Amino acid sequence: MSFLPDERGAELRALFFESAGELLQTINDASLQLEKRPTDEELIRSVRRAIHTLKGDSAACGFSKLSEIAHELEDILSPQIGKSHGQQLAEVVLSAVDTFESMLSAYQKDVEPPTPAPLRTLIHELLRSAEGVQSSKKSAAGSTPARFDWSEYERLMISEALLRGDNVFNIALRVDPNSSMRAAAFQLIRNVLHTCGTVIALRPEDNLAAASVEIVEASISSKHPIDHISHRCKIPAVVSEVRIEAAEHAESTEHELLGDLLEAQAAQISSRAADVPGPAPANQGAASSAVATVSESSLRVDAARIDAVMNLVGELIIGKSMLHRTLTEFDVHHARDPVRGKLAEALAFQSRVLDELHKCVLKIRMVPVEQLFRRFPRVVRDIAKLCGKDVALEVSGEHTDLDKGILDALSEPLTHLVRNAVDHGIEPADERLSAGKPARGTISLNAYHQGTQVIIEIRDDGRGIDLNNIREHAVHNGLIKVEDSTRLSDQDVINLIFEPGFSTASEVTEVSGRGVGMDVVRTVLDRLKGTVHVTSSKDKGTTIQLRVPLTLASIQTLLFRVGGRLFAVPLSAVVEISRIQDHEIHKVDQREVLRLRDQILTLVRLNQLNRIHTVEDPNPAKKKRNFVVVIGLGEKRFGLVVDSLVGEEELVIKALPGEIVSSDLVSGASILGDGTVVLILNVPAILSRLSRSVSLGAIA
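Residues numbered from 1 in each chain as written. Predicted model: local features only at pLDDT ≥ 70, side-chain atom pairs only at ≥ 80, totals over all residues. Heavy atoms only, no water.

## Brief notes about the overall build of the protein
Of the regular secondary structure elements, the protein holds 23 helices and 22 strands. Here the protein, with 700 residues, has 44% of them falling under the buried criterion. Contacts in the protein between residues at least 24 apart in sequence constitute 70% of all its contacts with a sequence separation of at least 6. Split by element, the accessible area of the protein, about 37200 Å² in all, is 52% carbon and sulfur. (Helix = DSSP H or I, 4+ residues; strand = E, 2+ residues; numbered from the N terminus. Buried < 20%, exposed > 50% of the residue type's maximum accessible area, 1.4 Å probe, protein only. Contact = heavy atoms within 4.5 Å. Areas by Shrake-Rupley, 256 points an atom, 1.4 Å probe, with all protein chains shown as cover.)

Okay, structure coming up:
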C-alpha cells in the first residue's frame, strides 16, 4: 500500500475541510426545510447524498470516527422514517450538523475529536421507534400499484441514458406475500437488477424501508432485451409478479436543453476527432464530456495566492504612476522629441491593460453575501426556539458582491446582531398580539450597493429600543453622569449600546446578558473602515445598518498636506470642502469650533492629536485663510483643518507594522509614483478620540 506524500496529504485535507463546510451548510439548509416538509422524499434523498459524500471523503482522509457516525446516520434517512417521524428526523440531522462541525474543528486543530455518543443515542432511539411503527403496519400493508414517480434528478439521468442510445426500462416487482424476510428479499432483488444493467433509480432505497412495502420499483439502463430481464427478475419464492415497460423522454425544457448540450458536446468531439490523424478515439459518452466541462469551469484557489497577485498589481499601479511622472518631466525637457509620442501611446496602452487587470483581480476576491446569509436561518431557528418565540427570517440582496476578507470578518458581528434581534427585539407572541401585531415576528436581512460601499441591514418589527432604559443602565454602570443623560440626543443615547460592558438584560442567559457583543461589532467595523448606524421606533422595530467598503485592497481618497506631510482620507467620508478665515474660528470649552451655515463643527488639527507627528515649517507664515475638510461618519460631522489640498487619487493600501506607526489614528499607508509615502487616516478612530474629549452634542 502506498501513502500520499505529506504535502499531498495536507493539500487533500485542506480541500476536504473546505468541501465539508459546504456540505454541512447544504445539510443544514435542507434540514430546516425538512422541518416544514417532513414527508418530502427528495429533501431526504438530498440530505442522504450529502451525508454519503461526507462519509466517503472523511474516510479517505483518515477521519474514521466521523465516517462511522455518518454511516450510522445514513440508516435513518429514508422516506418511510420521514413520513412517520419527520420532525424527530429533522432534529437528529440538525444535531448531527452540530456534532460534525465540532469534530471537523477538532480535526483541523489536530486534537482528539469529541465523542459522538449523544448523536449515536439519538440515531438508535429513532431507529427503534421507526422499526416499531413499521412492524405494526406490516400486517396491514396493502399492495401499492407501481407509479414510477422518479425525482427530477433521476428523470434527468433517464433522459441522459436515452440520449446516449441506451435502452431504459421501468420495472415493478411484487414481493411474494409468503416471504418472511422482506429485507433479505429486497437485497436479492437489488442484486439481480444490478446484473441486468445499470440501476438509475430504486424504490425503496434501503433494507429498513423494504420491510413494509410489497412493490419494488426500479429504472435500469440495459443492453439486454425485455425477455431476458423479465426472466432474471422472476426469483422463485421472492418475486410473485414482474411488470416491465420502456421509459420515455421526460417532456421538460430542462431535458431539452440537456439534449441540446449533449448533442453539441458530441458534435464537438466528433469534429476534433476528424481533425486529428490516427485511429478514432474509443467511444465515450457525451454526458461525461458535459460533466467534465461543468467541473472544469470552476477552480479553487487559496486566498493567500490572490492576495499575492493583488499586492503585485498594487506595485504595478505605483510603477504606472512613476512612469506618468517621468513622462511629464520628459515632456518639459524634450517636448519636440518624436519619441515622446510613442512613449505616450505605450503608456496609455499599459494604463488601460493595468486598469482592467486591477478590476479583474478585485472581482476574483468578490463573493456574494449569500455565503454569509445562508447560515442565519439556523441561527434564528435555534435562538427563537430557545427563547420560546415564533420568528421568521426574510433575506434579500443575497447576490450582492463583497470582498471575501470583509465578508469573513462580518460573520461574528452579524451573528450577534441577529441573535440580539431575536432575544431583545422580537416580543413574545402574547405581547405582540396584545399590541395588535401578528404573533410571528419578522427579522429581515438585506444587502445592497451604495456608491463604493456595501450596506447590510438587519431589521426587526419588535418593540424597539427603550431610550429611558438605556439612560438608566448607562448611569447605573457609570458610563455617563445623571446630569449628562438628559442632555444627550436620542441618537447619542442609542450609541451607548456600543460601549464596552453595556447590557440591558436583567439576567445572564445562554443568549445574552454578559455585556459582550455590541462593542465588538463597532470594533470590527472600525477595523474594516466601516460604520454602524442604529435607528429605532418604539413598538415598531429597530434597523441596524453596517456600512463597509467594497474592498480593502484600494480606496478612493482625498490627498492634503498638514505641516509639510502628505495625508489622505477616504473620499466616501468627505462631505464638503470649505475655505475659511481665521476670524471665523471660535473657541468653546478650549475647543476650536466653526459655524458652517446651520451647524456647529468641532475643528481638528492633526498636529494637535497625540501620536501623529507632522513636520514643522521652518519659516512659518500666518495664513489668513485655511482649508477645512468636513468629514462625515454616520450622523456625526467634524472639520479637519489642512494647509493645502493635493487632489483625488486611488491608493493601493499597504498595512503598516506597529513598530513603524504606533498610532491607531492611521489605518494604513500608500506610495505615490515619486516615492512619497501617504498616511491614510483612520476616520472612525479620530471620531472616537474626539467623542471622548468633547460632548457629542457639539458635533453637528
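What follows picks up the thread again.
## Here we look at the side chain of N420
Within the element layout of this structure, N420 appears in helix α17 (residues 411-425). Apart from residues lying up to four places away in sequence, N420 is in contact with G425 and M518.

## Some thoughts on the packing of helix α2 (residues 41-60) against helix α4 (residues 79-108)
Where α2 meets α4, the axes come as close as 11 Å, and the angle between the chain directions of the two elements is 35 degrees. Once α2 is placed against α4, the crossing between them reads as left-handed. For the pair α2 and α4, the contacting residues are E41, I44, R45, V47, I51 and L54 in the first and P79, G82, K83, L89, V93 and F100 in the second. Looking at the contact of α2 with α4, its residues break down into eight nonpolar, one polar and three charged. (Axes fitted to C-alpha atoms, helices over the stretch in contact; angles between N-to-C directions. Left-handed = near helix turned anticlockwise from the far one by under 90°. Nonpolar A, V, L, I, M, F, W, Y, C, P; charged D, E, K, R; others polar.)

## What about the sheet that holds strand β2 (residues 198-203)?
On the basis of which strands lie adjacent, the open sheet formed by four strands has the order β2-β3-β1-β4 and antiparallel pairing. In the strand order of this sheet, the two ends are held by β2 and β4 (239-246), each with one partner. The sheet shows a mean angle of 20 degrees between the axes of neighbouring strands, taken without regard to direction. Of the pairings in the sheet, the one linking β2 to strand β3 (residues 215-222) comprises five bridges and is antiparallel in character. Its bridge partner being in β3, A201 is matched across the sheet by S219. Contacts from helix α9 (residues 226-233) reach β1 (167-175), β3 and β4, with the element oriented near 160 degrees to β4. (Pairing = 2+ DSSP bridges.)

## Section: the environment of E394
Along the chain, E394 turns up in strand β6 (residues 391-396). In the structure, E394 is positioned 51 residues away from L445 in sequence and 6.2 Å away in space, judged by C-alpha atoms. If we skip the residues at most four places from it in the chain, E394 touches T442, I443, S444 and L445.

## Observations regarding the packing of aromatic side chains
Applying the stated rule across the entire model yields five aromatic pairs. Summarising the aromatic geometry, the rings of F16 and F17 are spaced 5.5 Å apart at their centres and angled 55 degrees between planes, so their arrangement reads as tilted. By relative accessible area, F17 is classed as buried at 17%. For the pair F63 and Y107, a centre-to-centre distance of 4.2 Å together with 20 degrees between the ring planes defines the contact as stacked. With F63 in the loop between α2 and α3 (64-74) and Y107 in helix α4, this pair connects stretches of sequence that are 44 residues apart. According to the relative accessible area criterion, Y107 is buried, its value standing at 13%. By way of ring pairs, the aromatic residues F16, F17, F63 and Y107 are connected into one cluster. (Phe/Tyr/Trp six-rings, centres within 6.5 Å; stacked < 30°, edge-to-face > 60°.)

## Thoughts on α9
Residues of α9 that are buried: I229, S230 and C233. Looking down the long axis of α9, one finds its buried residues gathered within 100 degrees of arc, a one-sided arrangement. Away from its buried face by more than 90 degrees, α9 exposes D227 and H231. Residues of α9 that are buried in the fold lie against β1, α7 (182-196), β3 and β4. (Arc of directions from axis to C-beta.)

## Description of the layout of surface pockets
By volume, the largest pocket is sized at about 1800 Å³. As for the largest pocket, its lining consists of 42 residues, and the residues nearest its centre are E18, E22, R300, Q371 and K404. Looking at the lining of the largest pocket, the elements with two or more residues in it are α1 (6-36), α4, α12 (303-333), α13 (339-365), β5 (366-368), α14 (370-373), α15 (376-387) and α16 (404-409). The element contributing the most residues to the lining of the largest pocket is α1, with ten residues. (1 Å grid on protein atoms, 1.4 Å probe; cavity = no way out; pocket = protein on both sides within 12 Å on 5 of 7 lines; lining within 4 Å. Points joined across faces, edges and corners; volume = space filled by probe spheres on them.)

## Concerning the side chain of D166
Note on placement: D166 falls in the loop between α6 (152-163) and β1. A polar side-chain atom of D166 sits 3.4 Å from a polar atom in the side chain of S221. A polar side-chain atom of D166 sits 3.0 Å from a polar atom in the side chain of K223. Residues within four places of D166 in sequence aside, it is in contact with A161, S221 and K223. (Polar contact = N/O pair within 3.5 Å; in protein donor to acceptor, adjacent residues only side chain to side chain.)

## Some points on unusual backbone geometry
Outside of glycine, negative phi angles account for most residues, and trans bonds account for most peptide bonds. The step from R203 to P204 runs through a cis peptide bond, and the omega angle for that step is -5 degrees. Note on placement: P204 falls in the loop between β2 and α8 (207-210). One non-glycine residue with positive phi stands out, namely D110, at about 65 degrees. Within the element layout of this structure, D110 appears in the loop between α4 and α5 (117-138). A relative accessible area of 72% means that D110 is categorised as exposed. Phi is positive for D539, which is not a glycine, with a value near 65 degrees. Its location among the elements puts D539 in the loop between β10 (531-537) and β11 (541-549). Given the relative accessible area of 46%, D539 is considered partly exposed.

Function-wise, these values are silent; they only describe arrangement.
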